[in-house]
Amino acid sequence: MTPDQKLSALLTTAARPEPQGFAFSADLAQRIARRRAIYNILAMVPVMLAAAALLWTLDGLLKRQQALIDLISALAPGLLNLALVLFLTLGGRMLSKALDRR
Amino acid sequence: MNTGWGDEALVAAARAGSDAAFMRLVQRHEAALRGFLRRSLGGSAAEAEDLAQEVFLTAWGHLGRLKDPARVRSWLCGIGWRKAQDRLRSRRRDATRDGAWLEIADATPGLSGEDRLAVAQAMGELTQGQRACITLCLVEGWSHAEASEALDLPLGTVKSYVDRGRARLLAALGGSHDA
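Scoring rules and cut-offs
Residues numbered from 1 in each chain as written. Chains lettered and ligands numbered in written order. Predicted model: local features only at pLDDT ≥ 70, side-chain atom pairs only at ≥ 80, totals over all residues. Heavy atoms only, no water. Helix = DSSP H or I, 4+ residues; strand = E, 2+ residues; numbered from the N terminus. Rg over C-alpha atoms; globule rule 2.2 N^0.38 Å. Buried < 20%, exposed > 50% of the residue type's maximum accessible area, 1.4 Å probe, protein only. Contact = heavy atoms within 4.5 Å. Buried area = accessible area lost by both parts, 1.4 Å probe. Salt bridge = Lys/Arg side-chain N within 4 Å of Asp/Glu carboxyl O. Polar contact = N/O pair within 3.5 Å; in protein donor to acceptor, adjacent residues only side chain to side chain.

Caption draft 1: Molecular detail of the overall build of chain A. A count of helical and extended segments in chain A gives 3 helices and 0 strands. For chain A, the α and β elements follow one another from N to C terminus as α-α-α. Against the compact-globule benchmark of 13 Å for 102 residues, chain A has a radius of gyration of 29 Å, which places it well outside the compact range. For chain A, the spread of C-alpha atoms along the three principal axes comes to 100 × 25 × 15 Å. Looking at the 102 residues of chain A, the share that counts as buried comes to 13%.

Caption draft 2: Summary view of unusual backbone geometry. All names here are of chain B. Backbone geometry at Asp 152 places phi at a positive 55°, although glycine is not the residue there. With respect to the helices and strands, the residue Asp 152 is situated in the loop between helix H8 (144-151) and helix H9 (155-172). Accessibility expressed as a relative area gives 64% for Asp 152, which makes it exposed.

Caption draft 3: Highlighting the interface of chain B and chain A. Listed per partner, the contact involves 38 residues of chain B and 28 residues of chain A. Surface buried jointly by chain B and chain A totals about 3200 Å² across both partners, of which 64% is contributed by carbon and sulfur atoms. If you sort the residues of chain B by the area they bury against chain A, Gln53(B), Leu57(B) and Trp60(B) come out on top, with a joint share of 21%. In this structure, the connection of chain B to chain A is made through 3 salt bridges. Of the charged contacts, one joins Arg166(B) and Asp4(A) as a salt bridge, the two residues approaching to 3.4 Å between their closest N and O atoms. Our count for the contact surface shared by chain B and chain A stands at 7 residue pairs in polar contact (both at pLDDT 80 or more). Of all the secondary structure elements, the ones that give two or more residues to the side of chain B that touches chain A are helix H2 (19-41), helix H3 (45-61), helix H5 (99-106), helix H6 (113-125), helix H7 (128-139) and H9 of chain B.

Right under this line is the structure:
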């Protein structure tokens, strides 16, 4: 074999694809899922802080408005049911969207 | 998921939040990326695999920065090349023989034991840039322009690296030393 032929044979051997790494993909999928979970939690932090500030402000306001407290107490059972329905509907939609993406 | 999707469609779906589409891209390109990293680093398969994982994690986080979704492999190799350079900088290359290329030479029919060692030695003595250019242009069959873009090296430098690297390998195999 001439040096050129040897080099051609070497490059042809080197060009053979590496075997498919299924363990590689599985490990990577796990790392991506972990990272996505962390990003999701971090993304919720500003919303949680804003919600806490809003509730803290409302708490201060409501303590000074006895009439409003009476009204909310009267409406509370109905509002609770409404909130539950809204929560389940929105949760179901979000879950359905997430499942569609996969 | 439709497995006949092209890279562009998969990138679009991955950008929209589909992890399944991203994993499809991973399955499509991981073997090529691991091969490129292994031959560029000259190290073990485990090291190349570890680095490839980092490359895909970086790509997942920066998918929005990919300018041409049709050239996702070139983009991944570019990220891999930068990470490989960081890794090579952080460890001194003491090996005078290249383990990855020694394995390739061992699997090549027609090479004598002397040739095999000479190839591994010659690859071990090449610069990082020369090794990466040889891997992309001579092994993977990329054009000089594609390698230049992926490795972020001037076109003339890529051509020179390929010519010099090829001449070095030929010389190791008993041919002329002229580039």
